[in-house]
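Below, each chain spelled out in residue letters.
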Amino acid sequence: MGVVRMLSPLLSSGKRCRIRLAGESTRGLRSAGRLLENCGADTAHAHRVARLASALFAGLRPVHNLADETGAWLGCAALLHDIAKNAAPEHHEAALDIILGSRQLDLRAPLRRIVGLVAKYHRKAGPQPADRVFIALGAAQRETVRRLAALLRLADGMDAGHCGLVARARCTVQPGHITVRCILEVDTRPEERRQLMGR
């Protein structure tokens, strides 16, 4: 999937999305970290993706135009996006179920749905009309899910090999184009470079 296609949900609307569920973002991030560790997922990959997603969120702020608190929601989804990878072939679907049902995750139901859907849509497919959890959200919440999921897809793609090849991401937004620069680890091996470049 191309970067332009991944970012297209960010470019679809200039409207600012504001959802008022503040106060639980930091508790949610802490509890997401604990849940991640308890499920035996690849914690190093999850933390790298969360770090890259945070950099993309900050660097692409003029493009996604989301409220600051949604960055913590993206962080929760990034930590939990592969939580079911060892247990289910359709791990993105199972991640939503875990996020919605976990007693360890310190988030209220409306925010769980947003975080769970962002984690679910971290792969190729975006929201579908038949997805009842997505359709039950309000219009502003659906748009927030689309935008955060686009950022998570891009961040996850930067660590597709789960090897930490991309150390940091820097974004430049100029009229007519966006540049996302990946800063690689110094000791990259040729096979990792080929994997990153899709060759």
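Reference entry: report on the structure contained in this document. Note that this is a predicted model, so its numbers are computed, not measured.

Close contact between helix α5 (residues 70-80) and helix α9 (residues 139-158) brings their axes to 10 Å; oriented N to C, the two are set at 55°. Taken as axis vectors, α5 and α9 run oblique relative to one another. Where α5 crosses over α9, the two elements pack in a sense that is right-handed. Here α5 contributes Thr70, Trp73, Leu74, Ala77 and Ala78 to the contact with α9, which in turn contributes Thr144, Leu148, Leu151 and Leu152. Split by residue class, the contact of α5 with α9 holds seven nonpolar, two polar and no charged.

Below, the discussion takes up the nonpolar core. Ranked by internal contacts, the top residues of the largest apolar core, which has 49 residues, are Leu56, Leu74, Leu80, Val115, Val118, Val145 and Leu148. Counting only elements with at least two residues in this core, the list comes to α2 (25-38), α3 (43-59), α5, α6 (91-101), α7 (109-120), α9 and β1 (166-174).

This brings us to the packing of aromatic side chains. Counting across every chain of the model gives one aromatic pair. Between Tyr121 and Phe134 the ring centres are 6.1 Å apart and the planes differ by 85°, which places this aromatic pair in the edge-to-face class. Pair noted here: Tyr121 is in the loop between α7 and α8 (132-135) and Phe134 is in helix α8, with a separation of 13 residues, a long-range link. Given the relative accessible area of 3%, Tyr121 is considered buried. Here Phe134 falls in the buried class, since its relative accessible area comes to 2%.

Let us look at the packing of α5 against α7. The contact between α5 and α7 brings their axes to 8 Å, and the two run at 55°. Between α5 and α7, the crossing angle belongs to the class labelled oblique. As for how α5 packs across α7, the hand of that crossing is right-handed. Contact residues: α5 offers Trp73, Leu74, Cys76 and Ala77, while α7 offers Leu111, Ile114, Val115, Val118 and Ala119. The residue inventory of the contact of α5 with α7, partitioned by class, reads nine nonpolar, no polar and no charged.

Thresholds applied
Residues numbered from 1 in each chain as written. Predicted model: local features only at pLDDT ≥ 70, side-chain atom pairs only at ≥ 80, totals over all residues. Heavy atoms only, no water. Axes fitted to C-alpha atoms, helices over the stretch in contact; angles between N-to-C directions. Helix = DSSP H or I, 4+ residues; strand = E, 2+ residues; numbered from the N terminus. Parallel < 35°, antiparallel > 145°, perpendicular 65-115°, else oblique. Left-handed = near helix turned anticlockwise from the far one by under 90°. Contact = heavy atoms within 4.5 Å. Nonpolar A, V, L, I, M, F, W, Y, C, P; charged D, E, K, R; others polar. Core = buried A, V, L, I, M, F, W, Y, C linked by side-chain atoms within 4.5 Å. Buried < 20%, exposed > 50% of the residue type's maximum accessible area, 1.4 Å probe, protein only. Phe/Tyr/Trp six-rings, centres within 6.5 Å; stacked < 30°, edge-to-face > 60°.

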